[in-house]
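# Close look at the chain arrangement
What follows is each chain in one-letter form.
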6 protein chains.
Amino acid sequence: MRPSGRSSDQMRPVEIQRHYTKHAEGSVLIAYGDTRVLCTASVEQRVPPWLRNKGRGWVTAEYGMLPRSTHTRSDREAARGKQQGRTLEIQRLIGRSLRAVTDLEALGERQVVVDCDVLQADGGTRTAAITGSYIALVDAVESLVRQRVIRSSPLHGQVASVSVGVYRGEAVLDLDYAEDGEAETDMNVVMNEGGGFIEIQGTAEGHAFRRDELDAMLDLADKGVKELLLAQNEALGA
Amino acid sequence: MRPSGRSSDQMRPVEIQRHYTKHAEGSVLIAYGDTRVLCTASVEQRVPPWLRNKGRGWVTAEYGMLPRSTHTRSDREAARGKQQGRTLEIQRLIGRSLRAVTDLEALGERQVVVDCDVLQADGGTRTAAITGSYIALVDAVESLVRQRVIRSSPLHGQVASVSVGVYRGEAVLDLDYAEDGEAETDMNVVMNEGGGFIEIQGTAEGHAFRRDELDAMLDLADKGVKELLLAQNEALGA
Amino acid sequence: MRPSGRSSDQMRPVEIQRHYTKHAEGSVLIAYGDTRVLCTASVEQRVPPWLRNKGRGWVTAEYGMLPRSTHTRSDREAARGKQQGRTLEIQRLIGRSLRAVTDLEALGERQVVVDCDVLQADGGTRTAAITGSYIALVDAVESLVRQRVIRSSPLHGQVASVSVGVYRGEAVLDLDYAEDGEAETDMNVVMNEGGGFIEIQGTAEGHAFRRDELDAMLDLADKGVKELLLAQNEALGA
Amino acid sequence: MRPSGRSSDQMRPVEIQRHYTKHAEGSVLIAYGDTRVLCTASVEQRVPPWLRNKGRGWVTAEYGMLPRSTHTRSDREAARGKQQGRTLEIQRLIGRSLRAVTDLEALGERQVVVDCDVLQADGGTRTAAITGSYIALVDAVESLVRQRVIRSSPLHGQVASVSVGVYRGEAVLDLDYAEDGEAETDMNVVMNEGGGFIEIQGTAEGHAFRRDELDAMLDLADKGVKELLLAQNEALGA
Amino acid sequence: MRPSGRSSDQMRPVEIQRHYTKHAEGSVLIAYGDTRVLCTASVEQRVPPWLRNKGRGWVTAEYGMLPRSTHTRSDREAARGKQQGRTLEIQRLIGRSLRAVTDLEALGERQVVVDCDVLQADGGTRTAAITGSYIALVDAVESLVRQRVIRSSPLHGQVASVSVGVYRGEAVLDLDYAEDGEAETDMNVVMNEGGGFIEIQGTAEGHAFRRDELDAMLDLADKGVKELLLAQNEALGA
Amino acid sequence: MRPSGRSSDQMRPVEIQRHYTKHAEGSVLIAYGDTRVLCTASVEQRVPPWLRNKGRGWVTAEYGMLPRSTHTRSDREAARGKQQGRTLEIQRLIGRSLRAVTDLEALGERQVVVDCDVLQADGGTRTAAITGSYIALVDAVESLVRQRVIRSSPLHGQVASVSVGVYRGEAVLDLDYAEDGEAETDMNVVMNEGGGFIEIQGTAEGHAFRRDELDAMLDLADKGVKELLLAQNEALGA
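Worth saying up front: this structure is predicted, and the values here are computed from it rather than measured.

Reading guide: rules and limits
Residues numbered from 1 in each chain as written. Chains lettered and ligands numbered in written order. Predicted model: local features only at pLDDT ≥ 70, side-chain atom pairs only at ≥ 80, totals over all residues. Heavy atoms only, no water. Pairing = 2+ DSSP bridges. Helix = DSSP H or I, 4+ residues; strand = E, 2+ residues; numbered from the N terminus. Axes fitted to C-alpha atoms, helices over the stretch in contact; angles between N-to-C directions. Contact = heavy atoms within 4.5 Å. UniProt positions renumbered as here; feature names shortened; annotations may be inferred. Least-squares fit on C-alpha atoms with pLDDT ≥ 70 in both. Salt bridge = Lys/Arg side-chain N within 4 Å of Asp/Glu carboxyl O. Buried < 20%, exposed > 50% of the residue type's maximum accessible area, 1.4 Å probe, protein only. Parallel < 35°, antiparallel > 145°, perpendicular 65-115°, else oblique. Left-handed = near helix turned anticlockwise from the far one by under 90°. Nonpolar A, V, L, I, M, F, W, Y, C, P; charged D, E, K, R; others polar. Buried area = accessible area lost by both parts, 1.4 Å probe. Polar contact = N/O pair within 3.5 Å; in protein donor to acceptor, adjacent residues only side chain to side chain.

To continue, consider the sheet that holds strand β4 (residues 58-65) of chain B. Residues and elements named next belong to chain B. If you trace the five strands from one edge of the open sheet to the other, you get β1-β2-β3-β5-β4, paired in mixed fashion. Only two strands of the sheet have a single neighbouring strand rather than two, namely β1 (14-18) and β4. On average, adjacent strands in this sheet sit at an angle of 20° to one another, irrespective of strand direction. Note: strand β3 (residues 35-44) against strand β5 (residues 111-120), nine bridges, orientation antiparallel. Paired with Leu-38 across the strands is Asp-117, a residue of β5. Its contacts with the sheet place helix α2 (residues 85-99) against β4 and β5, and it is angled at close to 145° to β4.

Here it is in structure tokens:
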């Protein structure tokens with residue numbers, strides 16, 4: 001019934017490729033089916049101005065889509081001279097999700113900037129970006145540990161994200177582009193390894209959704225995130 | 001236990017003042033306690049370029065805070081030359097919420113722009129903006145009906161919004177500024193008159209929130225929105 | 001003969017409401033008839049970069065119109081990404097007018113930023129903004145005196161402003177919107193409590209104005225400003 | 001007593017060089033002493049969007065200072081990405097002054113853009129720009145008459161401008177840079193050939209100025225403009 | 001003697017991967033050693049405004065580096081709100097190079113936009129971008145031929161590019177990052193399949209270069225481009 | 001055969017006028033025929049942020065065209081809010097050319113900013129700008145020597161520039177505007193007094209150019225630059 005032939009609780013194949021580029025402290029190419037996002041984590045020995053001399057670090061994210069990662073070409077944001085609201089919204093979400101599992105004091109007065117650039121879009125780019133960014137962040141902070149800049153990893157949790165929705169009246173997991181445009185509800189869920197919610201963003205595109213639909217979607221999200229956490233651990237060789 | 005002395009399921013006093021300014025087709029000053037937002041709805045006989053000649057209208061929103069609506073003065077966005085990510089995120093949320101109750105085809109090829117300007121901020125500005133905007137939108141489309149531009153109101157639902165959160169371990173309704181900075185979870189809920197969800201945006205600020213905490217918060221939101229819908233109806237004399 | 005029925009030397013009713021919002025050190029809602037401007041004064045413990053370490057303070061102003069404060073909606077300057085020439089011109093005028101009555105050395109190395117936001121426009125917004133800003137500035141510097149940050153008020157004068165013009169061949173006081181579009185000459189006059197001129201900006205919209213017309217306008221301005229100075233004193237309880 | 005040794009009612013030497021560059025329909029290099037402004041008038045067969053299909057033309061101006069036209073180098077506005085408030089204020093003034101002597105309907109649906117670029121600044125750049133722009137505008141509209149695009153000149157008046165001020169207690173004509181910084185009052189006056197005022201912009205830099213000082217300044221402005229009108233006529237060979 | 005151990009006339013291994021992403025009409029990942037650039041060609045059924053209704057098409061290019069494609073992270077141009085001079089310079093060069101082999105009239109009134117995004121930078125990104133863009137352009141126009149939008153390919157030539165330089169006194173081919181910073185001269189050469197020059201851009205970084213050095217560099221460029229043209233043909237299966 | 005009647009190896013008359021404006025440390029008006037560029041060099045006692053505390057200085061350039069320096073008026077870059085790619089490209093070229101003959105350590109921690117503003121354009125503005133800027137730079141550093149800020153000139157070479165091209169099948173020197181649009185190849189060459197190349201930028205506008213055409217163009221450039229170096233020396237009274 002789903003355009004891809006998947007069952008309602010079935011995720012697309014997830015692939016995680018570490019060390020995709022050579023300069024970044026963490027560099028991960030993640031794929032949720034045809035959606036491919038390059039997540040690189042850069043360590044910088046400085047913090048934003050408002051955090052100076054406070055003994056704490058910072059983790060932040062930036063997001064972008066290559067102009068032709070989509071079906072029709074979008075304007076290059078650098079050429080238009082500003083980032084769209086959607087872009088800012090997504091990069092704020094990624095940053096919050098990563099900070100939710102990071103002890104900023106243990107990180108010390110430095111920052112990790114995670115760049116999430118979508119090479120190919122097919123739905124769910126922000127959820128793939130969060131799941132991939134976590135791996136890039138792990139690699140970046142591990143490089144600090146290896147260089148003995150910090151004693152141990154400042155990450156106190158694991159984070160992954162998936163979208164769920166109501167498609168043709170049924171709750172489904174991990175919407176792809178073909179479903180996305182038609183879904184009645186679209187919800188992005190970010191969870192940690194303990195099953196706790198870090199972020200929930202649900203939008204009724206068609207009719208408003210009921211409490212029981214919400215519950216069904218959250219159950220699916222729980223299942224999907226568990227699979228993603230496993231895929232992350234496998235990629236990390238943990 | 002709450003700084004304001006309110007019980008956990010108690011909203012701040014809500015005031016809705018219609019026809020606050022004279023030029024706009026809809027103009028509402030809404031207060032949730034000390035939070036005061038001016039919502040004006042303007043009817044324009046044109047639609048955005050990408051919607052031209054499609055026989056449908058559009059409802060959109062813009063949001064701004066007066067520089068000294070807050071405890072310390074923020075930069076004026078017009079002077080800085082760009083709107084912040086938070087601003088764009090909020091105005092997109094307001095627009096989606098209003099469109100969720102509007103039949104855009106029945107509106108015809110015209111748009112209603114709702115401006116939400118925060119005169120005084122004390123927590124929950126986006127939720128007050130949504131609740132107030134709905135009234136301004138009602139007044140704007142009623143003016144079109146009165147002028148016989150359209151035959152009947154294109155609004156097929158009613159929408160209101162409130163924030164909920166977990167404050168010192170307890171689920172509370174309608175966070176004010178004093179609670180907001182300290183809350184472990186902050187969630188904005190937009191609902192319609194049938195109890196359906198139009199938008200849910202929940203963020204764990206401290207520890208990740210559990211499913212039972214989510215349920216408690218949604219129960220409170222449901223109660224709060226019901227009160228707000230009543231206040232709206234009262235203001236509309238319905 | 002005037003659209004409002006006023007006599008040529010009659011101002012619109014002036015209302016001054018202090019402490020309109022709660023965060024700002026000075027907050028004044030001023031009305032000249034239907035023109036309503038919110039003036040808030042914020043004290044900041046820093047000065048612009050070019051004034052650092054010079055032992056002097058600064059008073060500056062920013063001006064904005066809410067998008068639907070006018071008959072038809074104007075673009076939000078924050079969304080367009082720049083302030084119009086008219087806006088910059090007006091805020092520079094307000095800043096100069098306030099500095100003309102302030103001893104910047106006595107203020108010490110801090111600045112007062114006055115935000116003038118037009119809630120409803122009906123002609124004369126810049127003159128109302130100046131008259132209201134003066135009260136907000138008084139309240140702001142008084143708060144510094146009360147906190148013993150400075151010993152006495154650095155204000156050595158009082159300032160108010162009104163527009164005058166030639167409407168249908170006759171000099172008139174305090175042009176409203178209906179007159180403004182049709183006036184042959186439009187002049188904004190800023191004066192102090194000693195009857196001295198702080199600023200005169202007169203523009204011939206139709207035919208060039210003669211010296212005798214100028215004199216008639218300045219006589220009216222003098223009358224109007226005297227009334228405004230009284231209204232200010234009354235509001236201040238002086 | 002004036003730094004330049006001039007008497008209080010004495011202008012700096014004025015030079016007007018027509019046809020200074022070869023491409024523009026009007027091109028004038030004007031000097032008021034060491035102040036040198038290049039004014040070029042360009043005819044364009046289009047009008048601003050808001051004036052389309054109204055059968056009327058437009059005259060507008062743009063102003064800029066070369067970065068090192070001043071004592072110390074200023075940032076290039078093109079590199080900073082925005083024009084300063086002062087720049088916008090001046091170019092609006094020049095445009096209004098030129099439109100005050102132009103019959104826009106007789107000009108037809110086309111526009112003249114006058115660019116005023118300051119090659120060397122020594123006080124009074126905006127007044128020199130207005131006086132020089134008038135000549136450039138004459139040359140531009142004459143080229144339209146010669147090409148029989150319009151039947152006769154749409155200019156119904158002549159315009160020139162000079163600054164006056166109060167320097168060390170005395171009213172003086174045509175302030176140069178050495179006086180400008182120290183002047184107690186600085187006023188720019190734009191007049192036509194009939195002695196009518198097109199624009200008056202006076203600012204008290206030190207103490208507020210009195211009515212008698214204003215009168216003395218206006219008398220000087222009248223004298224100065226008369227000399228400028230003669231210089232213009234001489235340059236035009238009229 | 002070269003850091004990479006290559007001989008002076010030896011290029012880095014070149015890899016060309018077609019159909020790298022699925023949405024674009026042409027999509028090529030090209031590598032010159034560790035330098036990797038994604039080139040996508042998008043066909044758009046419109047031309048820039050200045051080319052409308054002229055019966056001709058357009059080919060243009062945009063260039064960007066992912067923030068962490070380099071040794072240390074650079075600011076994201078979209079976030080800074082403008083493209084750097086270097087970026088604009090490179091994308092203009094790519095566009096000119098592609099147009100040099102395209103018959104714009106045969107293309108018809110449509111445009112091909114080629115996006116060159118650097119995933120990993122190790123010297124020579126602009127030359128790799130040109131060589132890869134040519135393949136993407138071929139694939140894009142072939143799709144138009146296949147769809148019978150145009151009858152035959154509007155490309156009348158083949159284009160490739162390589163850098164040459166003087167490194168430690170010797171002319172070398174295809175500078176990598178390690179050489180680039182230290183090279184005395186750096187020259188980018190764009191040539192066609194007939195050995196003609198489309199573009200030469202040479203810069204003395206240390207001492208000025210002599211005519212004999214220029215000749216040696218151009219001989220190397222000729223050799224390098226010949227190899228690149230072969231690699232292109234191989235990738236195209238020609 | 002050339003529109004100007006010049007022989008193929010003949011430059012336009014070159015005029016160099018020093019001390020053209022009075023504020024700048026170096027101020028040169030240079031003309032290549034009808035092309036006129038004002039080059040002013042400003043000494044600033046600071047360096048760009050990335051060069052602070054490194055004991056070295058900087059020489060940089062900015063370039064602009066007055067809006068009506070060209071046949072038809074171009075938008076003012078300050079009003080559009082950004083500099084075009086062409087502008088950035090040219091100012092980067094001028095800066096590199098000047099730095100190629102400057103010992104930045106001998107200059108000490110200060111910078112010279114050279115502004116090149118085109119008063120009238122008739123082809124070759126960037127080459128005239130480089131040749132003129134050199135003189136302005138000489139005058140600026142000499143002023144530092146005279147004031148004993150530095151002991152001797154930090155300039156270790158002389159630089160000039162000319163364009164060459166292929167026009168109607170023949171290599172020609174110093175293209176003017178009439179030739180520029182029609183030339184098959186356009187090349188800007190920057191050389192020093194030893195005949196070494198500082199920069200070569202050649203573009204095939206029509207067919208690709210051959211090696212023998214390149215050689216012929218470089219011979220002409222060599223001749224032209226020799227004449228320019230003499231003209232520079234004459235202007236400097238050397």
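Next up on the list: unusual backbone geometry. Residue and element names in this part refer to chain F. The backbone of Arg-148 shows a phi angle near 60°, a positive value even though the residue is not glycine. Here Arg-148 is to be found in the loop between α4 (125-146) and β6 (159-167). A positive phi is found at Asp-174, a non-glycine position, where the angle reads about 60°. Positionally, Asp-174 belongs in the loop between β7 (170-173) and α5 (177-180).

All names here are of chain A. Look at the UniProt record and you will see "domain: Exoribonuclease phosphorolytic" (unreviewed entry) annotated at residues 10-140 and 158-223. Across residues 10-140, the secondary structure splits into 30% helix and 31% strand, with the terminal C-alpha atoms separated by 31 Å. A distance of 15 Å separates the end C-alpha atoms of residues 158-223, which is 26% helix and 44% strand.

With that settled, the discussion passes to the relation of the copies chain E and chain A. Take chain E, turn it by 180°, move it 0.0 Å along the axis, and it overlays chain A with an RMSD of 0.0 Å. Classification of the inter-copy transformation places it as that of a two-fold axis. Taking the C-alpha atom as reference, chain E places E:Ala78 closest to the rotation axis, 1.8 Å from it. Take the interface residues of chain E: 100% of them recur as interface residues in chain A, which is what a same-surface contact looks like.

Moving on, we come to the pattern of salt bridges. One pass over the full model with this rule turns up 152 salt bridges over all chains. With a closest N to O distance of 3.8 Å, D:Asp122 and F:Lys22 form a salt bridge. With one member in each of two chains, D:Asp122 in the loop between β5 (111-120) and α4 (125-146) and F:Lys22 in the loop between β1 (14-18) and β2 (26-32) form a pair that bridges those chains. By relative accessible area, D:Asp122 is classed as buried at 12%. Here the residues in one salt-bridge network are B:Lys22, C:Arg2, C:Arg6, C:Arg12, C:Asp34, C:Asp122, C:Asp174, C:Asp176 and C:Glu179, joined through shared partners.

On to the pairing of β5(B). Residue and element names in this part refer to chain B. Most of β5 is tucked away, with ten of its ten residues classed as buried. Of the pairings in the sheet, the one linking β4 to β5 comprises eight bridges and is parallel in character. Bridge pairing in β5 links Tyr-63 to Cys-116.

By the criterion of burial, helix α4 (residues 125-146) of chain E is predominantly enclosed, with 19 of the 22 residues buried. A positive backbone phi angle near 60° is found at E:Arg148, which sits one or two residues after α4(E).

Residue and element names in this part refer to chain C. Running from N to C, helix α2 (residues 85-99) and helix α4 (residues 125-146) cross one another at 40°; their axes reach a closest spacing of 10 Å. In terms of orientation, α2 and α4 fall into the oblique class. For the pair α2 and α4, the sense of crossing is right-handed. Each of Arg-86, Ile-90, Leu-93, Ile-94, Ser-97 and Leu-98 in α2 lies in contact with α4, whose residues at this interface are Thr-125, Arg-126, Ala-129, Ile-130, Ser-133, Tyr-134 and Leu-137. For the contact of α2 with α4, the residue count by class is eight nonpolar, three polar and two charged.

This paragraph deals with the packing of helix α2 (residues 85-99) of chain A against α2(B). For the pair α2(A) and α2(B), the least separation of the axes is 9 Å and the interaxial angle reads 110°. Classified by the angle their axes make, α2(A) and α2(B) are roughly perpendicular. As for the relative orientation of α2(A) and α2(B), their crossing is left-handed in sense. The residues of α2(B) that touch α2(A), namely those facing A:Gly85, A:Arg86, A:Leu88, A:Glu89, A:Arg92 and A:Arg96, are B:Gly85, B:Arg86, B:Leu88, B:Glu89, B:Arg92 and B:Arg96.

A word on the interface of chain E and chain A. Between chain E and chain A, the residue contacts involve 39 residues of the former and 39 residues of the latter. Regarding the contact of chain E and chain A, the summed buried area is about 3000 Å², with carbon and sulfur atoms giving 45% of it. On inspection of chain E and its partner chain A, the count reaches 16 salt bridges. Among the ionic pairs, E:Arg68 bridges to A:Glu25, the shortest N-O distance being 2.6 Å. The tally of links between chain E and chain A comes to 26 residue pairs in polar contact (both at pLDDT 80 or more). For the side of chain E that touches chain A, the elements supplying multiple residues, two or more each, are β3 (35-44), β4 (58-65), α1 (77-80) and β5 (111-120) of chain E. Ranked by residue count, the leading element in the side of chain E that touches chain A is β3(E), at seven residues.

Right, let's get into the environment of A:Gly85. With respect to the helices and strands, the residue A:Gly85 is situated in helix α2. Overall, A:Gly85 belongs to the buried group, its relative accessible area being 14%. As a C-alpha pair, A:Gly85 and A:Ala208 span 123 residues in sequence and 23 Å in three-dimensional space. Not counting residues up to four positions away in its chain, the partners in contact with A:Gly85 are B:Leu88 and B:Arg92.

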